[in-house]
Amino acid sequence: MKHFIEEEIHIEGEHPIYGTLTIPASGTDRLWPAVLIIAGSGPIDRNGNGPKGKFQFNLYRELAERMTELGFVVLRYDKRGSGKSPSELVSAGMWDLVDDAERGYLFLKNHPNVDTDQIIVLGHSEGTILGTALSARQDIQGLMLISGGVANLDEYLRHQRKLAYAELKNGRGFKGALLKLLVNEEREEKKANKLMEKMFKSGKDVYRAYFFIKQPAKWFKEHYAYDPRPDLQKADFPVFAIHGDKDPHVDTEILKELPELVKGNSEFHIIHNMDHGLRVQQEEKEILKLKKLYKNVSSRPFHQEGFEVLSNWLVSHYKGGS
C-alpha cells in the first residue's frame, strides 16, 4: 500500500517540463520539507530510465517513493529528450539544464504543501554538478551529491578513460598482450583533447564528429568551463555525498575535498559493493563491462546500507516534517 499521493505536473515554458510530484498521504493540509531530484547525463526520464525501454533502473522513482514515506514532498522530472519532454537534448548546454532544474526548484517553492525553509536539492551523477550550480543561484537548504560531486565533467571523464586504459592493458592472453602494445595512453589523451578543441572552436551547439556522429558541443564546452568547487565554498547549508566503491564513473578520492570546501556541515560516505545506481554489485569494478552489467541491474536489490545512510541524513537534518 502506498503511503503517498502522486501527481503529474507540467511547468509551462519554451521548454516544457513534465514530472511527478509525490506528497505524504498523511498531510496534504500541512507543510513538508521537499526534495528536488536532478537526473544524471543522457536522456534520462523522471524515473531514472533510458529511452526505448533500455536500461530500466527506476532509481529516481525508488528514491522519490522512499523519501516521501519519510515525510518529504519530492519532485522528479523528465530530462530534455526523455519521457514527455518535447525538447532536444543534444543541442542543450549545461546551463540550459541548470535552468530546467531551477524551474523545478521554483515550482516547489511555490507549492502550498512545501516548507520553503526546507528545500533540498538531490543530484545524481551529472545532476551533482547541475545541483551545485543551482545552489549558487537559489537559497536552498541542503545539497545531496549522489554518485558524483566536487569535480567537474572533464575530471570525471579523464578518470573513466584512465580506468579503461588500465583494463585494456591488463587483459589476459594473446588479446591482452596485443592491447598492451597498441594502447598508448598519452596518444589517446591527445586524441580526446583534439576532439574537444575542434568542438569548442566550431562555435556550434551540435558538432558532427567524423562527419556524422552528433556531439553536444555546447554541453561539453560549458561543463568543461565550470568548476563546482567555488560554488561549494559558498555552501553554508548541509551537504551530503555518497559513492559506491564499485562505481567506475567516479573517483572516490575526490570526496575527501568536501569538508575543506563547504562552510556548513558536510559528510561523505563510500559504500562497499554499491554501484553507480545505488544497487548491490559483487563483481569487480570494470568500466569496460558496464553494458553487460546493466542488462541485469534492474533485477538487483538496492543497496540497503546506501539507502539507510541517505535516509538517516535526511531525517536527522530535516526531521521529516514541519
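Residues numbered from 1 in each chain as written. Predicted model: local features only at pLDDT ≥ 70, side-chain atom pairs only at ≥ 80, totals over all residues. Heavy atoms only, no water.

1. Quick word on the overall build of the chain
Reasoning step 1: The secondary structure content of the chain amounts to eleven helices and ten strands.
Reasoning step 2: Here the chain has a C-alpha radius of gyration of 20 Å; the compact-globule value for 322 residues is 20 Å, and the two agree.
Reasoning step 3: Each principal axis of the C-alpha distribution contributes one length, and for the chain these read about 65 × 45 × 40 Å.
Reasoning step 4: Residue pairs at least 24 apart in sequence account for 70% of intrachain contacts in the chain once pairs closer than 6 positions are excluded.
Reasoning step 5: By element, 51% of the accessible surface of the chain is carried by carbon and sulfur atoms, the whole surface being about 15,500 Å².
Reasoning step 6: Seen as two clouds, the 45 positive and the 46 negative side-chain charges of the chain have centres 9 Å apart. (Helix = DSSP H or I, 4+ residues; strand = E, 2+ residues; numbered from the N terminus. Rg over C-alpha atoms; globule rule 2.2 N^0.38 Å. Contact = heavy atoms within 4.5 Å. Areas by Shrake-Rupley, 256 points an atom, 1.4 Å probe, with all protein chains shown as cover. Lys, Arg positive; Asp, Glu negative; His and termini not counted. Charge placed at Lys NZ, Arg CZ, Asp CG, Glu CD.)

2. Re the packing of aromatic side chains
Reasoning step 1: For the coordinates displayed, the defined rule picks out eight aromatic pairs.
Reasoning step 2: Look at Phe 57 and Tyr 294: their rings are 5.2 Å apart centre to centre, the planes differ by 70°, and that puts the pair in the edge-to-face class. One end of the pair, Phe 57, is in the loop between strand 3 (32-38) and helix 1 (59-69); the other, Tyr 294, is in helix 10 (residues 290-294), and 237 residues separate them in sequence. One exposure class covers both Phe 57 and Tyr 294, and it is buried.
Reasoning step 3: Arranged with centres 4.9 Å apart and planes meeting at 75°, the rings of Trp 219 and Phe 220 form a pair that is edge-to-face. (Phe/Tyr/Trp six-rings, centres within 6.5 Å; stacked < 30°, edge-to-face > 60°. Buried < 20%, exposed > 50% of the residue type's maximum accessible area, 1.4 Å probe, protein only.)

3. What to know about the sheet that holds strand 5 (residues 114-124)
Reasoning step 1: What the eight strands build is an open sheet, ordered 1-2-4-3-5-6-9-10; its pairing is mixed. The open sheet is flanked by strand 1 (4-11) and strand 10 (266-271), the only strands paired with a single partner. The average angle at which neighbouring strand axes cross in this sheet is 20°, direction not considered.
Reasoning step 2: By the bridge criterion, eight bridges tie strand 1 to strand 2 (residues 17-24) in an arrangement that is antiparallel. What sits directly across from Glu 7, in strand 2, is Leu 21.
Reasoning step 3: Relative to strand 5, helix 3 (residues 126-135) is tilted by about 145°, and along the sheet it contacts strand 3, strand 5 and strand 6 (142-146). (Pairing = 2+ DSSP bridges. Axes fitted to C-alpha atoms, helices over the stretch in contact; angles between N-to-C directions.)

4. Here we look at the environment of Ser 82
Reasoning step 1: Looking at where Ser 82 falls in the secondary structure, it is placed in the loop between strand 4 (73-77) and helix 2 (94-109).
Reasoning step 2: Its relative accessible area of 5% is what places Ser 82 among the buried residues.
Reasoning step 3: On a C-alpha basis, the gap between Ser 82 and Ala 101 in space is 15 Å, while along the polypeptide they are 19 residues apart.
Reasoning step 4: In contact with Ser 82, other than residues within four places in its own chain, are Pro 43, Ile 44 and Asp 45.

5. What to know about the packing of helix 6 (residues 185-202) against helix 7 (residues 217-225)
Reasoning step 1: The contact between helix 6 and helix 7 brings their axes to 9 Å, and the two run at 105°. If you check the angle between helix 6 and helix 7, you find them roughly perpendicular. Residues Met 196, Met 199 and Phe 200 of helix 6 pack against Ala 217, Phe 220, Lys 221 and Tyr 224 of helix 7.
Reasoning step 2: Of the residues that constitute the contact of helix 6 with helix 7, the class distribution is six nonpolar, no polar and one charged. (Parallel < 35°, antiparallel > 145°, perpendicular 65-115°, else oblique. Nonpolar A, V, L, I, M, F, W, Y, C, P; charged D, E, K, R; others polar.)

6. Observations regarding the domain arrangement of the chain
Reasoning step 1: Here the domain parsing of the chain yields domain 1 (4-152 + 226-319) and domain 2 (157-218).
Reasoning step 2: Once you take the C-alpha centre of each, domain 1 and domain 2 turn out to be 28 Å apart.
Reasoning step 3: Among the residues of domain 1 in contact with domain 2, Val 90, Ile 287 and Leu 288 are the three that bury the most area, contributing 45% of the side total.
Reasoning step 4: Between domain 1 and domain 2 we count one salt bridge in total.
Reasoning step 5: Scanning the region where domain 1 abuts domain 2 turns up five residue pairs in polar contact (both at pLDDT 80 or more). (Domains from an automatic or database assignment. Buried area = accessible area lost by both parts, 1.4 Å probe. Salt bridge = Lys/Arg side-chain N within 4 Å of Asp/Glu carboxyl O. Polar contact = N/O pair within 3.5 Å; in protein donor to acceptor, adjacent residues only side chain to side chain.)

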